[in-house]
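Structural overview for review
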Amino acid sequence: MSKRYSALSLAVEGLRGHPGWAPVWRHPKPQPAYDAAIVGGGGHGLAAAYYLAKLHGVRRVAVLEKGWLGGGNTGRNTTVVRSNYFYPESVALYDLALRLYEGLSRDLNYNIMLSQRGIINVAHSDAEMEICARLANAMQINGVDAELFGPEQVRRVAPAMNFDPQARYPVFGGVWHQRGGTARHDGVAWGYARAADALGVDIIQNCAVEDFLIEGGVCKGVITAAGTIRAERVGLAAAAHSATLAAKAGFELPVRVYTLQAMVSEPVKPVLDTVVLTLGTGTYVSQSDKGEFVFGGGLDRITSFAQRGNPPVHELVVAGLLDAFPGFGQLKLMRQWAGIVDVVPDSSPLIGPSPVPGLFLNCGWGTGGFKAIPAGGWLLAHLIAKGEHHPISRPFDLDRFARGALIDEAAGSGIAH
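Described in the following lines is the structure provided in the data block. (Residues numbered from 1 in each chain as written. Predicted model: local features only at pLDDT ≥ 70, side-chain atom pairs only at ≥ 80, totals over all residues. Heavy atoms only, no water.)

This paragraph deals with the packing of aromatic side chains. Per the stated rule, a full pass over the model turns up 10 aromatic pairs. Taking the centre distance of 4.2 Å and the plane angle of 5° together, the rings of Y85 and Y94 count as stacked. In terms of burial, Y85 and Y94 fall into one category: buried. Ring geometry for Y101 against F370: centres 6.0 Å apart, planes inclined by 40°, an arrangement best described as tilted. On the criterion of sequence distance, the pair formed by Y101 in helix α3 (residues 88-102) and F370 in the loop between β18 (359-363) and α10 (373-386) is long-range, its members being 269 residues apart. In this structure Y101 comes out as buried when scored by relative accessible area, which is 1%. For F370, a relative accessible area of 8% corresponds to the buried category. One Lys or Arg, R155, reaches over the ring of F163 and ends 4.3 Å from the middle of that ring. (Phe/Tyr/Trp six-rings, centres within 6.5 Å; stacked < 30°, edge-to-face > 60°. Buried < 20%, exposed > 50% of the residue type's maximum accessible area, 1.4 Å probe, protein only. Helix = DSSP H or I, 4+ residues; strand = E, 2+ residues; numbered from the N terminus. Lys NZ or Arg CZ within 6 Å of the ring centre and 35° of its normal.)

Okay, here's the thing in structure tokens:
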């Protein structure tokens, strides 16, 4: 919208079905051929299309989404962004994402509501404090902001926590990451979609990819519900469905799919202006701009494609929240949801060429997909345009399993994998 609307005009426009509002992006029919096709219309796929068009001049691009834009994990997460990881390879990757996030509203001319309110990983024992010290040291060595906090410093940033020395999980301290925070998940998807569309990218919704077009051992396109679409190169950014699609192309990915659920409470006045992750329970929480507490925890440990979670894990996550914030016990839950996450054995993503020439991978993000959207798209665009790795993506190639060069970030994620 380019003009201002009064409350009355907004109501009238809504009742009329919004005929006076210009679409934010087009709804084109698929063309028979493109320079590149990207499977998956979530954040990573949309970002890859945008960076292909903007940075590499590849504008004959199709983004193919079986449902609606951002309807998968991009719209089913707790919106946290951060780069507090252990290994240099991971820090380079996630800090690229965070640096891109920091300029994304300006770059896209679309407010993604980035709020760098900081994130504190809270320790509850001497052993966890040792882990925090290692994490803070690793982050500082790798050039990322980190500060080791004691109990009083934690109290300063999260005064609503339970600081009783007799608590089940007493607060010993933690690691403070000031540049971490939250961003608006649908704003990220819509911002990339609008910007990519403006550069000529075709965003095609309700177009499921059913198979890959393989000619002479090379991927030459995709077979969709709307017919065959040829493409010089194809990017696969389908999150938890990536392994299923890879099987159609004739290879196996070391990916297991789990449910990760989250919840949101009724809104209250502001009492928590940072993101808190408790190492003892794996529960993490932030307060939204509307006053709701958005929180989650560990994975449902049974492989599943169900996007609803289950009551035992629901109870475990709520219990972890109330251990840390007993005062939240009277709040009502507004809603609960789940996403399906693609977890790789070393809890690090898969970025790089697939075993089939012409087909490139962006998957295996596990619980870290949203925070990595800008970097994931940026690196996939580089792969598709150049046909080779950027130095940041090289360590995350599928061949690391054959080389024994794993990047085990299960601890750095702060969430039980």
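Before going further, it helps to spend a moment on the pattern of salt bridges. Throughout the structure, instances matching the rule amount to 18 salt bridges. Between E215 and R230 there is a salt bridge, with its nearest N and O atoms 2.8 Å apart. Here the residue E215 occupies a position in strand β9 (residues 209-215), and R230 occupies one in strand β11 (residues 227-236), the gap between them amounting to 15 residues. Look at R230 and you get partly exposed, because its relative accessible area is 35%. One salt bridge connects E292 with R335, and the closest N-O pair in it is separated by 3.6 Å. (Salt bridge = Lys/Arg side-chain N within 4 Å of Asp/Glu carboxyl O.)

Quick look at the packing of helix α2 (residues 43-56) against helix α7 (residues 185-198) now. Look at α2 against α7: their axes get within 9 Å of each other, and the N-to-C directions meet at 35°. In the packing of α2 onto α7, the handedness of the crossing is left-handed. Residues L46, A47, Y50 and Y51 of α2 lie in contact with α7, whose contacting residues are A189, Y192, A193, A195 and A196. For the contact of α2 with α7, the per-class residue count stands at 9 nonpolar, no polar and no charged. (Axes fitted to C-alpha atoms, helices over the stretch in contact; angles between N-to-C directions. Left-handed = near helix turned anticlockwise from the far one by under 90°. Contact = heavy atoms within 4.5 Å. Nonpolar A, V, L, I, M, F, W, Y, C, P; charged D, E, K, R; others polar.)

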